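The residues making up each chain are set out below.
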Amino acid sequence: MAAEFPKHPFLLSPDEVAQALGTDVDKGLTSAQVADLQKKYPPNELDVGGTIAWYTIFIRQLCNAMVLVLFFAMGLSFGVKDYVEGGVLAAVIVLNVSIGFRQEYGAEKKMDALRALSSPSASVLRDGKTIVIPNAEVVPGDVVNLKMGDTVPADLRLFDAMNLNCDEQSLTGEAQAVEKITANEIYVHGSERLAKTEKEVGVGDRINIAYATTVVRKGRGRGIVIATGMSTEVGKIAASSTKKKRKAGRSMNWKKYGKAQPIKGAARRVYDFVGKFLGLTEGTPLQIKLAKLAYILFLCALFLAIVVFSVNQWKLPLPNEVIIYAISTGIAIIPESLVAVLTITMVVATTVMRKANVVVRDLSALEALGGVTNICSDKTGTLTQGAMIVKKAWLPPRNIYTVRDSMDPNNPNAGTVTFARAENVAKEEKRDFDQERSTQAIKFDVPEGKSEAKPKQQPEPEAEVTPDFRLFLLSAALCNLATVRYDDEEEKWKTTGEPTEIALQVFTHRFERGKKYLEALGWKQLSEFPFDSSIKRMSVVYNPPDDADKNDSGLPSGQSVVFTKGAVERILDLCSNVGTGDAQQPMDEAMKASILDQMTQFASLGQRVLALAYRPWDGIYDPSHEREETEKSGGNGEDQARSAVEQNLTLLGLVGIYDPPRRETTPAIRECSDAGIVVHMLTGDHPETARAIAREVGIIPHNLGVLSAEVADSIVMKATDFDKLSEAEIDALKELPLVIARCAPETKTRMIEALRRRGLFMAMTGDGVNDAPSLSSADVGIAMGSGSDVAKSAAKIVLTDDKFNSIVAAIREGRRMFENIQKFVLHLLTSNVGEVILLIAGLGFKDETTGFSVFPISPLEILWINMVTSSFPAFGLGREKASGDVMSKPPHNKKRGVFTNQILVDMFVYGLLMGTCTLMTFVIIVYGKYGGDLGVDCNTKYSDACTPVFRARAAVFAELTWLILISAWEFKSIRRSMFHLNPDKSDNPDNNDNNDNSDNKKKKWRLWNDLYTDNKFLFWAVVLGALSVFPTVYIPYLNTNVFKHKAITWEWSLVVGMTIVFVFGMEAWKWVKRTYNILDDHKVVKAGWSQGEEPSRKFMKAMSFSSLKSWRSTGRAESRSRTQPNPNMTQIGRTHTQSRGEKSGSESPV
């Protein structure tokens, strides 16, 4: 909502706007003011819908296949005057729709809450402190801070702008970013007259206003909120735009598209409407696939009804018994609870991921995670800690400053800085350890430098601030946006800003030369050219202090100074000199090569290397004058001004910044390798830095000799080299690079396209504005929680902690969910197949008096089994924990999805087994005990003549219930025995500690632990479901008049016996699958080297007492392996995942 002003805020000065809103630009609003304003104004949100209305969910529940069948069955039941069955069906419909509505409505609310967690936020000034709040909490009068990549939270009147450019294309259609100003001198378009009224200037020309939902493309600034929510300019457009856009081809305009268009358009609109409510055109891919399955089953139900009518010879009018039998068959084939179980499983998965710092913005990503084959990750803050520390500094010609004994990125007092003279950087010949280990020259590996005695080195002295070092610190402090301060209340150092700049600022504070101290001396900033990822540098222009006593830099006070920092290669191209004072030398090719060698030396230590440079300006720099001069010459003012500043620089030195890898990164990469997932690192760092970190975390091997020469040459590439390759050349590479250095946003997009052409399924991480295209085009875009709002909006998943292992946790949860969906789909469809087999075979049981088929199981028994018996175990299967081998299988086939060959075959095998057992029970009782007496009219009412049929039905009902419930326990693992679900260490033949009583006790009670402890919900669903059989069988009237069965006695022995036969049959089929390795998930079989391997850990693991006895044979094998090439050791791109007789489509370099 907009506040009240004497005239539009763009015509007012910032002070007048602040006065009208009662705010202070230096302190912001007070907490009391915010509380009052939140009562006065609605939340800062656009009312554009997005949330599904309750009635839409309700109609969707009515329009699914299961309910349609039940409606059909209810109508027929009432039509044949079977009011008991019709009433029960009506109750089932109400119950099913109510439960489904409540579950889906709750799921939508939870998803809205999860989306809110990743919604854009705003940095505001309140009570004199900068805080980050959700956009919805912004109120008129708030002072908002803007930086590059931010989404503007509301309409702002700017009062501070430093090279601030906003992308307003979504609002005004202007393709170019608009440069913002703070003055209220706005000219009428096309004239030199100042605007006096709002109508004289359009929205796009009010350049002192930053509009809600626009994006900051460059620079930084601050502004006062003047309008929120629907009162913003974009809100006004949203309010006036009520017409929804239709899909292409839906127009009814016959004049424009031809006379046939109204028919085509109407047909397509009807298709969209029906598909939307039936769930066939909207929803996640899995939801759509399962909805299609439901309607296919509905058609199968109609087909089965036709079969029933045909067997009964289509006697017209159709007898009630035949119609009811057809209804029963149709009900049996529909898995009524499938959609509800799927919805709950997904909601549980998103909740679990939220606890693991993963916010799912799109449910389709949740399904896609299980099929990810490649992860393209950034380095800084994801694979590494993002807590950078300056470790080395080099000043020409050969001065080295080293930070020692400090791992605290924020504390400038931790550790010491020493000084040393560097020797000339020379390329040393590396030892060939493989040659030294050959059979011709076997000897121990002696660490380099240990074989010869070296003179004892003297400790390095502490660093002192020399004139050249003082100028170096000056550039590092002023060409910097970070802040470092000591908090007296918390008694610790606090920092704000980017990690790289924080590291530089902390380094300058070690010598009490921080930015705040320098600006207090009188250094005044005139202009800023912010960091640009395309040129990889940043520059500022400062005026030295007027007071000569406060200017100890050695620079004259009457001249402005340009300070620049950035990527070494980019800075060197702009430098004409190196060093200061007497040590200054001209920049030539030899000098450049020497500096690049020094950079490579730092980078090989895993350090990010930046260059610092400066340039004395000729006179006082005037930003507006320089921009005007370049515009008069016909160039772009901003770009030309930057080019004029960033030339003829003098290199001050290099700085090496170390970002230690996270401790959990290497194990996470190892887990990806075990799962058949390849990890790529795409970073903006120098190739040597990228190589060192990639080697340290296990993305590439420590010794590239384990790879073929062709693969080793392309395992680490510069983005410039990769971008030069054509698509054909990229596709011709034996393997795609695992590390791309100096990576630009466009390189990420090319990498995605290259992976996709190879049939791979990738996840891409990003945090910047320029990462948005790659995040949106990747199969699974993953944004960092600390990243820009644009990146978060483009991604499907947001990591709130920015950690790589959170990605792995999300993949693990996605795989767990996928496995559980397979389990409960198999459970539900198996019971449906068993019921259909029983009913179709039951068509042969004909009443000789009437000639109609006799139900082996009644319609209400089927409904009870499907709605009560099957549903709750299916919910329990959806809550199963991840299996122990969930991350040792390759990614699932995204085309086949849930319905793999194993699931389809298992469904028919177990369904056939279930149908056969129940059918045999009915036959034994009716034909074995009672001589085939099927009674008279036993489908509609009970009489003494129907006793055999009713007792047989009761036994079949109890048995079918128990078989379905027991199968839920069996489906806890699709391949493992129910009695051996989770093997423990006591089963390991290498474990010789057989006297451990705890292990023996655990093995003794393993079945109890597997069935009860691991999933109590499933356990009680099975137990209570099994006990529910008894009241339905024995309660008078309910059994004979409703369920059409009768109390039984000796038949229980048959029920128990057939249950044992069924369990034996399931266990036998599982044994066959395991023994003959059929229908197996393609296990990941590693090549010679795997990502995430740590040689030291492998060696320690090998050096156990149990392995010493095989040391001699191992040594011989190792010797042979070094003289005979191993085909798996020559490549990183083939992970063998195929089972016997099957070809795997999964390829990875691990």
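Residues numbered from 1 in each chain as written. Predicted model: local features only at pLDDT ≥ 70, side-chain atom pairs only at ≥ 80, totals over all residues. Heavy atoms only, no water.

Participant: Help me out: how do you make sense of the overall build of the protein in this one?
Facilitator: Broken down by element type, the protein carries 43 helices and 27 strands. Residues classed as buried in the protein amount to 51% of the 1150 residues present. Here the contacts in the protein between residues at least 6 apart in sequence split such that 72% fall between residues at least 24 apart. (Helix = DSSP H or I, 4+ residues; strand = E, 2+ residues; numbered from the N terminus. Buried < 20%, exposed > 50% of the residue type's maximum accessible area, 1.4 Å probe, protein only. Contact = heavy atoms within 4.5 Å.)

Participant: Looking at this structure, I do not really get the state of the cysteines. What am I missing?
Facilitator: A covalent bond bridging the sulfur atoms of two cysteines is what the word disulfide describes. Within the structure shown, the criterion is met by one disulfide. Two residues, Cys938 and Cys946, share a disulfide whose sulfurs are 2.0 Å apart. With the S-S dihedral at roughly -95°, the linkage between Cys938 and Cys946 falls on the left-handed side. A relative accessible area of 2% means that Cys938 is categorised as buried. Here Cys946 falls in the buried class, since its relative accessible area comes to 0%. (Disulfide = S-S within 2.5 Å.)

Participant: Can you help me understand the packing of aromatic side chains in this one?
Facilitator: How two aromatic rings sit relative to each other is set out by the distance from centre to centre and by the angle between their planes. Applying the stated criterion across every chain, the model contains 26 aromatic pairs. Considering the side-chain rings of Tyr942 and Phe950, the 5.0 Å spacing of their centres and the 55° angle between planes classify their relative orientation as tilted. For the ring pair Trp969 and Phe1019, a centre distance of 5.9 Å and an interplane angle of 25° mean the geometry is stacked. Here Trp969 is found in helix H34 (residues 947-970), whereas its partner Phe1019 is found in helix H37 (residues 1016-1027), with 50 residues between them in sequence. These aromatic residues form a ring-pair network of at least three members: Tyr401, Phe419, Phe469, Phe472, Phe507 and Phe511. Over the face of the ring belonging to Phe722 we find Arg750, whose NZ or CZ atom lies 6.0 Å from the ring centre. A cation over a ring is seen here: Arg879 above Phe1017, with NZ or CZ 4.9 Å from the ring centre. (Phe/Tyr/Trp six-rings, centres within 6.5 Å; stacked < 30°, edge-to-face > 60°. Lys NZ or Arg CZ within 6 Å of the ring centre and 35° of its normal.)

Participant: How do you make sense of the nonpolar core when you look at a structure like this?
Facilitator: Burial of nonpolar side chains together is a common tendency in soluble globular proteins. Grouped together as the largest cluster of nonpolar side chains are 162 residues, with contacts concentrated most on Ile699, Val739, Val780, Phe804 and Phe824. Among the elements that make up this core, the one with the highest residue count is helix H30 (residues 804-841) (17 residues). In this structure Val780 touches Ala365, Ala368, Leu369, Val372, Phe761, Met762, Ala763, Met764 and Ile797, once residues within four positions along its chain are discounted. (Core = buried A, V, L, I, M, F, W, Y, C linked by side-chain atoms within 4.5 Å.)

Participant: In this structure, what is going on with helix H3 (residues 54-62)? I would like to understand it.
Facilitator: Structural remark: α-helix, 3.6 residues per turn; residues separated by three or four positions point the same way. Inspection of H3 places Thr56, Ile57, Arg60 and Gln61 among the buried residues, and these make up the whole buried set. Around the axis of H3, the buried residues are gathered within 140° of arc, so they sit on the same side. (Arc of directions from axis to C-beta.)

Participant: Would you mind showing me how to read the confidence of the model for the protein here?
Facilitator: Caution applies to low-pLDDT regions: their predicted coordinates should not be interpreted in detail. In this model, the protein carries a mean pLDDT of 80, and residues with pLDDT of at least 70 account for 81%. Predicted confidence is poor over residues 985-996, with pLDDT under 50, and the contacts of this stretch with residues over four places away or in other chains come to 11 contacts. (pLDDT = per-residue confidence, 0-100.)

Participant: I would appreciate a short explanation of the pattern of salt bridges in the present structure.
Facilitator: Close approach of charged atoms allows side chains of opposite charge to pair. Inspection of every chain in the model, using the stated rule, returns 34 salt bridges. Between Asp552 and Arg470 there is a salt bridge; the shortest N-O distance is 3.6 Å. Residue Asp552 is located in the loop between strand S16 (537-543) and strand S17 (561-567), and its partner Arg470 is located in helix H15 (residues 467-478); the two are separated by 82 residues in the primary sequence. Three or more residues joined by partner-sharing salt bridges are found here, namely Arg485, Asp487, Glu490, Lys492 and Lys494. (Salt bridge = Lys/Arg side-chain N within 4 Å of Asp/Glu carboxyl O.)

Participant: Sorry if this is basic, but what is going on with the pairing of strand S26 (residues 780-784) here?
Facilitator: Each regular strand carries side chains that alternate between the two faces of the sheet. With respect to burial, S26 is a largely interior element, five of its five residues being buried. Burial along S26 is two-sided: Val780, Ile782 and Met784 facing one way and Gly781 and Ala783 facing the other are all buried. Relative to S26, strand S25 (residues 762-766) runs parallel, the two being bridged by four bridges. Across the sheet, Thr765 pairs through a bridge with Ile782, a residue of S26. Pairing of S26 with strand S27 (residues 797-799), which is carried by three bridges, proceeds in the parallel orientation. The partner of Ala783 across the bridge, within S27, is Val798. (Pairing = 2+ DSSP bridges.)

Participant: What am I meant to see in the packing of H34 against helix H40 (residues 1051-1076) here?
Facilitator: Two quantities define a packed helix pair, namely the angle between the axes and the distance from one axis to the other. Direction vectors running N to C along H34 and H40 enclose 30°, while the axes themselves pass 9 Å from each other. Of the two elements, H34 crosses H40, and the hand of that crossing is right-handed. Of H40, the residues touching H34 (which contributes Arg951, Ala955, Ala958, Glu959, Trp962, Leu963, Ile966, Ser967 and Glu970) are Glu1051, Trp1052, Leu1054, Val1055, Val1056, Met1058, Thr1059, Phe1062, Val1063, Met1066, Glu1067 and Lys1070. Here the residues of the contact of H34 with H40 sort into 13 nonpolar, two polar and six charged. (Axes fitted to C-alpha atoms, helices over the stretch in contact; angles between N-to-C directions. Left-handed = near helix turned anticlockwise from the far one by under 90°. Nonpolar A, V, L, I, M, F, W, Y, C, P; charged D, E, K, R; others polar.)

Participant: Just checking my understanding: could you explain the pairing of strand S1 (residues 121-126) for this structure?
Facilitator: Judged by how many residues are buried, S1 sits mostly within the fold: five of six residues are covered. Hairpin connection from S1 to strand S2 (residues 129-134): two residues lie between these consecutive antiparallel strands, with Asp127 at a positive phi of about 55°. Two elements, S1 and strand S3 (residues 143-147), share three bridges in a ladder whose sense is antiparallel. Among the inter-strand pairings, Ser123 is bridged to a residue of S3, identified as Asn145.

Participant: What's the story with the environment of Lys196 in this structure? I'm lost.
Facilitator: With respect to the helices, strands and loops of the structure, Lys196 is situated in the loop between strand S5 (178-179) and strand S6 (209-210). Residue class for Lys196 comes out exposed when judged on its relative accessible area of 67%. Residues Lys196 and Ile186, spaced 10 residues apart in sequence, show a C-alpha to C-alpha distance of 8.7 Å.

Participant: Quick question: what am I supposed to make of the environment of Pro412 here?
Facilitator: As for its position among the elements, Pro412 is in the loop between strand S11 (399-404) and strand S12 (416-421). For Pro412, a relative accessible area of 5% puts it in the buried group. Taking C-alpha positions, Pro412 is 9.1 Å from Val484, a pair spaced 72 residues apart along the chain. In contact with Pro412, not counting residues within four places along its chain, are Trp493, Val506, His509 and Arg510.

Participant: Please clarify how the sheet that holds strand S23 (residues 716-718) should be interpreted in this entry.
Facilitator: Paired through backbone hydrogen bonds, the strands of a sheet run either parallel or antiparallel to each other. What the eight strands build is an open sheet, ordered S8-S27-S26-S25-S9-S22-S24-S23; its pairing is mixed. Each of the sheet's edge strands pairs with one partner strand only, and the pair in question is strand S8 (358-360) and S23. Each neighbouring strand pair of the sheet contributes to a mean axis angle of 20°, computed without reference to strand direction. By the bridge criterion, two bridges tie strand S22 (residues 678-682) to strand S24 (residues 739-741) in an arrangement that is parallel. Following the sheet pairing, Leu682 is matched in S24 by Ile740. Where H30 meets the sheet, it contacts S8, strand S9 (374-377), S22, S25, S26 and S27, and its direction lies at approximately 155° from that of S9.

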